Amino acid sequence: MARALLFSSLRNHFPSRILIPITSNYFNSLLIRKQIIGRRVLDLSCSWLSRTIHSNSALFCFPHLQRLNLAFNNFSWSSVSAGFGRFSSLMHLNLSYSGFSGLISPEISHLSNLVSLDLSRSRGAEFARDDLSLCGLHGRFTDNDIHLPKLELLSLWENSNLNGNFPRFSENNSLINLDLSFTNFSGELPASTGNLKSLQTLDLSDCQFFGSIPASLENLTQITSLSLDDNHFSGKIPNIFDNLRNLISLSLSWNNFSGQIPPSIGNLTNLYGLYFSHNQLEGAIPSPENENGFSSLSFVRLGYNLFNGTIPSWLYTLPSLVELDLSHNKFIGHIGEFQLDSLEKIDLSMNELHGSIPTSIFELVNLSSLKIFSNNLSGVLETSKFEKLINLTFLDLSNNMFSLTTNQFHGIIPQTFLKGHSIRTLDFNGNQLEGQVPRSLINCRELEVLDLGNNKINDTFPHWVGALPKLHVLVLCFNHFHGHTEFSKIKSPFMSLRIIDLAHNDFEGNLPKMNLRSLKAIMNIDEGNVTRRYMGDTYYEDSTVAMIKGLEMEFVKILNTFTTIDLLNLSNNYLTGHIPLSFKNLKMLESLDLSSNNLSGRIPQELTSLTFLEVLNLSQNHLTRFIPQGSQFQTFGNDSYYENLGLCGFPLSKRCTTDKVLEPSQEIEPKFEIGIDWKITLMGYGCGLVIGFSLSYLISLSGKLEWLVRFIHKNIHKKIKRNKRSTHRRGARIS
């Protein structure tokens, strides 16, 4: 990130529109102005030079140079010319941030005095380097021995099109740092790797190396950082660490290592980071050689392996531990008590742990992430204990057996979520929580994910969470929520909401028109103007489980933009009425599930404007008339509409009585359709005249107006009662 920011800022400071083309005359005048004649240092950095440097350039007329800096120019992706081989006295060559690319001329190997070659985008005029990183180099790196005895650093990182085998160095090398990361180097590590006895840093991460680690690596007694992660290494990790006592960082993650961790790991008393995740390692984790061992160990990432047994007791006593990841293993037993408060991240998820949450966790004032989901943990959650965790941003206790009594959610709730609390993700999915949603959550202004699904919560819809400005995900499915959802008094609720899962509850009434009009996050947003960013930090990324067509789907790495998963699930409730026309405004909606309700009326033709819609489920309702045609609706099958006996048209086999295409609906949706038959009206009018004249005649004969009043009053009363019953029955059918 620092590399990119530096490059961007300098590129803006030296705009390309004023770059000066390279000519011999210009170079001569520039060299005179720089007064380098007779000197051994030439600095042309940030000189707005452009175009290709050819081998006959005036630049190569100064073979006496010892330092040459051409950084921060634009050489139009030219290759490193053979002319650079003429600088026989050159010790430091800096070509960083200058747009060099292509093959490196073999003449560069003639520079026997070379100590630093910098073609990176990050180190600028920093000369104690040999850095070819981020240059767009391609082709195959030389298979010949590299005879640069004074070379101390060789960095080729971020040249993804550069391939070759592990470089071969002469035995009298001085190499201190070797970085081949993020390239396409492959093959097995040769035994000669052990000849790099001055090596302090070896980074081969994100390459294509395979095979086993050679035992000769035990000769690298000066090494402090060894990174072999994200390759295809396999076999057992050799027991080579007795001699590597200077190691500070050891990273073997994302490979195919198997077997147990060698016990000599316990001798690495200076270890700061231990990264063995995503392998097939098993057995127990070795202990340090003495009580003060691993005193500097701050990062332990052993997730996604096959480790078993109880969690080693020494992990609870590490004085400098910042991050502990033992997730996705087979650990059993209780979680022990942590004895120090340096921890910031704990991930013990996907194991077989049981018991309750240790009280010491609630004393970890620096804790920002706690993930212990999918274990067999139990006990009553005392929400007030979370009060001290003011830095907590990620809390996932889902898929355990925690319970929370009604009393703890009713009445005056302990201020568990204090004003200004920084929690970002709250996941209690799959427990036995009861009662109501605590209103103190309104204080969590940074909350992005609220997942309370698969519990026993008995509450009305928590409309007040609509005031949380950053809430992206709301999952309340499989609970006992009830009542209506259209009653928010907030002016613009749910401004950022993108995943809404209210399935399998007891909600009733009409679909929530008003709330949906405020869901601007899934309305028409210009996708081209939004930068994609995953919710979560660089190591922990958000995920949630939501229902799609009756199946629970896990969405991992939720994007924190308005351009990806947009899901609305209101299925398996008691919702009634028509599908609101306001649904047409949800332009970015990708999944809509309204199944298993009591919805009636037709499917609005306007929904065909939802061009991002990939999943539609309207089954098991009382919808009628034509199924809209066009756009995404051509891709939906019968299962999107089944058990709606009044529907007709493609893809159903039931044909409609007319092929007339439905016109767009009016914004005002009438509750009743009233038709007027003028023949019946005229007949009624005629009958009325006859009855009127007859009554007049009777009155004139009897002269008793009182009789007429009683007659009319009696019949009107019966008419009103019949109309009330008829209206009640008709309203029930329509709703």
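Just so we're clear, the structure is a prediction, and the values are computed from it rather than from any experiment.

### Remarks on the overall build of the chain
Stage number 1. Helix and strand content of the chain: five helices and 48 strands.
Stage number 2. In the chain, which comprises 735 residues, the proportion classed as buried is 49%.
Stage number 3. Of the contacts formed within the chain by residues at least 6 apart in sequence, a portion of 58% connects residues at least 24 apart.

### As for the state of the cysteines
Stage number 1. Under the counting rule described, the total for this entry stands at one disulfide.
Stage number 2. Covalently, cysteine 648 is tied to cysteine 656 through a disulfide, its sulfur atoms 2.1 Å apart. Because the torsion about its S-S bond is 105 degrees, the bridge between cysteine 648 and cysteine 656 counts as right-handed. Here cysteine 648 and cysteine 656 have matching classes, each one buried.

### Things to note about the sheet that holds strand β39 (residues 506-510)
Stage number 1. Judged by pairing direction, the sheet is parallel, and its six strands sit side by side in the order β37-β39-β43-β45-β47-β48 without closing on themselves. At either margin of the open sheet sits one strand with a lone partner, and together these are β37 (482-483) and β48 (646-648).
Stage number 2. Summarising the sheet, strand β45 (residues 598-601) and strand β47 (residues 622-626) pair through two bridges and their orientation is parallel. Looking across to β47, one finds that serine 600 is bridged to histidine 622.

### A few points about the side chain of asparagine 429
Stage number 1. Of note, asparagine 429 is situated in the loop between β32 (425-427) and β33 (432-435).
Stage number 2. Asparagine 429 sits in the buried class, given a relative accessible area of 7%.
Stage number 3. For asparagine 429, the side chain forms a polar contact with the side chain of asparagine 454, separated by 3.2 Å.
Stage number 4. Look past the residues within four positions of asparagine 429 in its chain and what remains in contact with it is Ser398, Asn399, Asp451, Gly453, Asn454, Asn455 and Val475.

### What to know about the pattern of salt bridges
Stage number 1. Going through the model one piece at a time under the given rule, you end up with seven salt bridges.
Stage number 2. Here glutamate 289 ties to arginine 245 by a salt bridge, and the two come within 3.6 Å at their closest N and O atoms. With glutamate 289 in the loop between β21 (280-283) and β22 (299-301) and arginine 245 in the loop between β17 (232-236) and β18 (249-251), the pair connects residues that are 44 residues apart, well separated along the chain.
Stage number 3. On the basis of relative accessible area, glutamate 289 is assigned to the partly exposed category, the value being 41%.
Stage number 4. One salt bridge in this structure joins aspartate 566 and arginine 498, with 3.4 Å as the shortest N-O distance. Of this pair, aspartate 566 sits in the loop between β41 (551-556) and β42 (567-569) while arginine 498 is found in the loop between β37 and β38 (499-501), placing the two residues 68 residues apart along the sequence. Both residues of the pair, aspartate 566 and arginine 498, count as buried.

### Things to note about the packing of aromatic side chains
Stage number 1. For the structure on display, the rule yields nine aromatic pairs.
Stage number 2. Residues phenylalanine 233 and phenylalanine 257 carry aromatic rings whose centres are separated by 6.3 Å and whose planes lie at 10 degrees to one another, so their mutual orientation is stacked. Of this pair, phenylalanine 233 sits in strand β17 while phenylalanine 257 is found in strand β19 (residues 256-259), placing the two residues 24 residues apart along the sequence.
Stage number 3. For phenylalanine 233, a relative accessible area of 0% gives the class buried.
Stage number 4. A ring pair is formed by phenylalanine 461 and phenylalanine 507, whose centres lie 6.0 Å apart and whose planes are at 70 degrees; its orientation type is edge-to-face. Of this pair, phenylalanine 461 sits in the loop between β35 (456-457) and β36 (473-475) while phenylalanine 507 sits in strand β39; the two residues are 46 residues apart in sequence, bridging distant segments of the chain. Across the pair, phenylalanine 507 and phenylalanine 461 agree in class, each one buried.
Stage number 5. Each residue in the set Phe166, Phe209, Phe233 and Phe257 is aromatic and connected to the rest through ring pairs, giving one cluster.

### Brief notes about the environment of leucine 476
Stage number 1. Here leucine 476 is to be found in the loop between β36 and β37.
Stage number 2. C-alpha of leucine 476 to C-alpha of isoleucine 500: the two residues are 24 residues apart in sequence and 8.2 Å apart in space.
Stage number 3. Those residues in contact with leucine 476, other than ones at most four positions away along the chain, are Leu452, Gly453, Phe461, Pro462, Phe481, Asp501, Leu502 and Asn505.

### What to know about the nonpolar core
If you look at soluble globular proteins, the nonpolar side chains tend to sit buried side by side.
Stage number 1. Leu178, Leu250, Phe276 and Leu397 are the most contacted members of the largest nonpolar core, which has 125 residues in total.
Stage number 2. For leucine 397, the residues in contact, after removing those within four places along its chain, are Ile357, Leu370, Ile372, Phe373, Leu381, Phe386, Phe402, Asp427, Phe428 and Asn431.

### Points about the pairing of strand β43 (residues 574-577)
Stage number 1. Pairing of β39 with β43, which is carried by three bridges, proceeds in the parallel orientation. Counterpart to glycine 509 in the pairing with β43 is leucine 575.

### So, the environment of threonine 52
Stage number 1. Topologically, threonine 52 is positioned in the loop between β3 (49-50) and β4 (67-69).
Stage number 2. The exposure class assigned to threonine 52 is partly exposed, which follows from its relative accessible area of 34%.
Stage number 3. The sequence separation of threonine 52 and phenylalanine 75 amounts to 23 residues, and the corresponding C-alpha distance is 5.2 Å.

### With respect to the pairing of β19
Stage number 1. The sheet contact formed by β17 and β19 spans three bridges and is parallel. Across the sheet, glycine 235 pairs through a bridge with phenylalanine 257, a residue of β19.
Stage number 2. Where β19 meets β21, two bridges bridge the pair, whose relative direction is parallel. Within the sheet, the bridge partner assigned to serine 258 lies in β21 and is glutamine 280.

### A closer look at the confidence of the model for the chain
Stage number 1. In the predicted model, the chain carries a mean pLDDT of 75, and 67% of its residues have values of at least 70.
Stage number 2. Looking over the chain, one finds the lowest element-wise mean pLDDT in helix α1 (residues 2-13), namely 37, and the highest in strand β24 (residues 323-325), namely 97.

### Details of the environment of isoleucine 311
Stage number 1. Tracing the backbone shows isoleucine 311 in the loop between β23 (306-310) and β24.
Stage number 2. The class of isoleucine 311 is buried, set by a relative accessible area of 7%.
Stage number 3. Those residues within four positions of isoleucine 311 in sequence are excluded, and the remaining contacts are Tyr316, Leu326, Phe331, Ile332, Leu348 and Leu353.

### Describing unusual backbone geometry
Stage number 1. Omega for the bond connecting phenylalanine 650 with proline 651 falls within 30 degrees of zero, at 10 degrees, which places this linkage in the cis form.
Stage number 2. Located in the positive-phi region is tyrosine 304, a residue other than glycine, with phi close to 60 degrees.
Stage number 3. Locating tyrosine 304 in the fold gives a position in the loop between β22 and β23.
Stage number 4. Residue tyrosine 304 is classed as partly exposed on the basis of its relative accessible area of 38%.
Stage number 5. Unlike most non-glycine residues, methionine 350 shows phi in positive territory, near 55 degrees.
Stage number 6. Mapped onto the secondary structure, methionine 350 falls in the loop between β26 (345-347) and β27 (352-355).

### Observations regarding the side chain of asparagine 375
Stage number 1. In this structure, asparagine 375 sits in the loop between β28 (369-371) and β29 (376-380).
Stage number 2. Of the polar contacts made by the side chain of asparagine 375, one reaches the backbone oxygen of isoleucine 372; its length is 3.2 Å.
Stage number 3. Leaving out residues up to four positions away in the same chain, asparagine 375 has contacts with Leu348, Ser349, Met350, Asn351, Glu352, Leu353, Asn399 and Asn400.

Conventions and cut-offs
- For every chain, the first residue of the written sequence is number 1, and numbering continues from 1 onward in sequence order.
- Under the rules for a predicted model, residues below a pLDDT of 70 receive no local features and side-chain atom pairs below 80 are neither given nor counted, while totals for whole chains, interfaces and linings still include all residues.
- In computing side-chain properties, one takes all heavy atoms of the structure into account and sets aside hydrogens as well as water.
- Per the convention used, a helix needs a DSSP run of H or I reaching at least four residues, while a strand needs a run of E reaching at least two, with both numbered from the N terminus.
- Throughout this description, buried means an accessible area under 20% of the type-specific maximum (1.4 Å probe, protein chains only), exposed means over 50%, and partly exposed covers the range between.
- Whether two residues touch is decided by their heavy atoms; if any such pair falls within 4.5 Å, the residues are in contact.
- Cysteine sulfur atoms that come within 2.5 Å of each other are treated as a disulfide pair.
- What makes two strands pair is DSSP finding at least two bridges between them.
- Any pair of N or O atoms that falls within 3.5 Å is considered a polar contact. Within protein, one atom must be able to donate a hydrogen and the other to accept it, and sequence-neighbouring residues count only if both atoms are side-chain atoms.
- What makes a salt bridge here is a side-chain nitrogen of Lys or Arg within 4 Å of a carboxyl oxygen of Asp or Glu, nothing more.
- The criterion for an aromatic pair is that two Phe, Tyr or Trp rings (for Trp, the six-membered ring) have centres within 6.5 Å, with stacked assigned to planes under 30 degrees apart, edge-to-face to planes over 60 apart and tilted to the rest.
- To qualify as a nonpolar core, a set must consist of buried Ala, Val, Leu, Ile, Met, Phe, Trp, Tyr and Cys residues joined through side-chain atoms within 4.5 Å.
- pLDDT runs from 0 to 100 and stands for how confident the predictor is about each residue.

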